[in-house]
Amino acid sequence: MTRYDNEAERTFVALPPAQGRGFAQTWWGRAWMKALEDAAMDAAQVKAGRRLARAGAVGAVSVRPGRITAVVHDRDRTAHRADVLLERLSDAQWDRFVDMAIERSGHVAALLDRDMPPHLVEDAAAAGIDLLPGMGDLEPECDCGAWDHCGHTAALCYQVARLLDQDPFVLLLMRGRAEGAVLEALQTQGSAPAEEVAARQEGVDAAEAYRAGQVLPPLPAPPGLGDGPGVPPSLDTEAASPPGVDPAGLSFLASRTAAEAHRLLAEALRDGHDRRAVAPEPTMAQDAVRLAAGDPGPDVLDRLGEGSGRTREALATAVRAWRLGGGTALSVLEEEWAVEGDALARARAALESAWEVDERPSLRARANRWSVVGAPHQLRLDREGRWWPYRREHGRWVPAGGADQDPATALAAAALATGDET
């Protein structure tokens, strides 16, 4: 194998003071910091170094094989030369690294993208090459006379973590090879130039991903929520539709799917979402109501009613319930269940305490429904203990408002909906 100049050196200008809490955003930058923090004998010195680095007290950083160097200023502006040593890889180890990278073109592509995927580090370790430092691998030297990591060497390490975030080739230089030498070796020994190798990215073997264990990178940041759902493509063309295809129905279905995806994403991004129970999948009859609530055209509306076994009037009532409270409100409309045990005791207590004795309406109970005697009003209890107002219209009960924990407030909503007083 051709030997290269391993004594290359890169100098990075002093970075501005660090903003925010973390110095490193990449998993390999955090692994570098962990090697420092796990091995330092004096945690106070590590904290002092973090403060110095955050304040911008680290000067230009020189990186060369086996060593990083910078001048670090104390708070009183006293300057100290700080060095941190890291063992260089042998020529034989570099040969194995190049062979390993050539076997998997995705490794080369990742490095060219300034990325260091976990499986690259794992494959290197399997070949006997430790790219990232472990506990005790970062050896400090400082003219302040400290025998272990002092605030100056710790500050240098924190600053280098920021450099590693930007370019993992900095780590390869510390291990003994400059970027140009690494890429030249890959071109010389590979069957194709590095640029072509990089273009043939490949996936990660499942067994390799499993072996990565604790070095797996963190999950990406959650996606941002747009102002509204996206606009689906238009299906309004001059060409005749194939038999059995309804362009208007497909366009409506696409738009409602986008709206539902936007709603689900908004819920997933809400605080506490991971502690909520997973809602059951809606039935076809329930999903038909959700779609009907999106104001489709008359033809689609009729198809939804027919498919869900509802008349147009029944579907309109179901849509009213859905708009008031989604699947829960629809269940309250269409399901009747027996209130027993503790649920019945709590319901009776709520009804008795909701009104003064002389103001309490006369209620007739059946299952989870309490109808007001002599008035077209009704209360319905859901399985979470909330009360839903109903009123009677044209011989059928219809929802009159959203749920409330207080039955008196819910019943007042039913009365207001018809202009009555209860």
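Whatever comes next refers back to the structure up there.
The written sequence of each chain sets the order in which its residues are numbered from 1. The model is predicted, so local features are restricted to residues of pLDDT at least 70 and side-chain atom pairs to those at 80 or more, both for listing and for counting; the totals for chains, interfaces and linings are taken over all residues. Only hydrogens and water are set aside; all other atoms, that is, all heavy atoms of the structure, feed into the side-chain values.

K.L.:
Explain the state of the cysteines to me, please; I cannot follow it from the model alone.
P.N.:
Disulfides are covalent bonds that link the sulfur atoms of two cysteine residues. The definition used for a disulfide is geometric: two cysteine sulfur atoms within 2.5 Å. Per the stated rule, a full pass over the model turns up zero disulfides. Its sulfur unpaired, Cys-144 is 3.5 Å from the next cysteine sulfur, which belongs to Cys-142. Free of any disulfide, Cys-150 has its nearest neighbouring cysteine sulfur in Cys-144, separated by 3.7 Å. Each residue's exposure class comes from its accessible area (1.4 Å probe, protein chains only) as a fraction of the maximum for that residue type: buried when under 20%, exposed when over 50%, partly exposed otherwise. In this structure Cys-150 comes out as buried when scored by relative accessible area, which is 3%.

K.L.:
Help me out: how do you make sense of the pairing of strand S9 (residues 387-393) in this one?
P.N.:
Here a helix means four or more residues in a row that DSSP labels H or I, a strand means two or more in a row labelled E, and each is numbered from the N terminus. S9 sits mainly inside the fold: five of its seven residues count as buried. By this definition, two strands are paired if DSSP reports at least two bridges between them. Relative to S9, strand S8 (residues 377-381) runs antiparallel, the two sharing five bridges. Residue pairing across strands places Arg-380 opposite Trp-388, the latter belonging to S9. Between S8 and the antiparallel strand that follows it, S9, lie five residues; Gly-385 among them carries a positive phi value of about 85 degrees. By the bridge criterion, four bridges tie S9 to strand S10 (residues 396-399) in an arrangement that is antiparallel. Bridge pairing in S10 places Glu-393 opposite Arg-396.

K.L.:
Mind showing me how you'd approach the environment of His-377 here?
P.N.:
As for its placement among the helices and strands, His-377 is situated in strand S8. The spacing of His-377 and Tyr-390 is 13 residues in sequence and 5.8 Å in space, taken between C-alpha atoms.

K.L.:
So what exactly am I meant to see when it comes to the packing of helix H1 (residues 27-39) against helix H6 (residues 151-166) here?
P.N.:
How two helices pack is summed up by the angle between their axes together with the distance between the axes. What counts as an axis is a line fitted to C-alpha atoms, over the stretch in contact for a helix, and the angles between N-to-C directions run from 0 to 180 degrees. Across the interface, H1 lies against H6 with an axial gap of 8 Å and an inter-helix angle of 165 degrees. Considering their axes alone, H1 and H6 lie roughly antiparallel with respect to each other. Two packed elements cross with a definite hand, and for H1 against H6 that hand is right-handed. Mapping the contact onto sequence places Trp-28, Gly-29, Trp-32, Met-33, Leu-36 and Glu-37 in H1 and Ala-154, Cys-157, Tyr-158, Val-160, Ala-161, Leu-164 and Asp-165 in H6. The classification used treats Ala, Val, Leu, Ile, Met, Phe, Trp, Tyr, Cys and Pro as nonpolar, Asp, Glu, Lys and Arg as charged, and all other residues, Gly among them, as polar. Classifying every residue of the contact of H1 with H6 by side-chain character gives ten nonpolar, one polar and two charged. Any angle that falls under 35 degrees is termed roughly parallel, while one over 145 is termed roughly antiparallel, one within 65 to 115 roughly perpendicular, and all others oblique. In this scheme, a crossing is called left-handed if the near helix is turned counterclockwise away from the far one by less than a right angle; it is called right-handed if the turn is clockwise. In this analysis, two residues are considered to be in contact whenever any of their non-hydrogen atoms come within 4.5 Å of each other.

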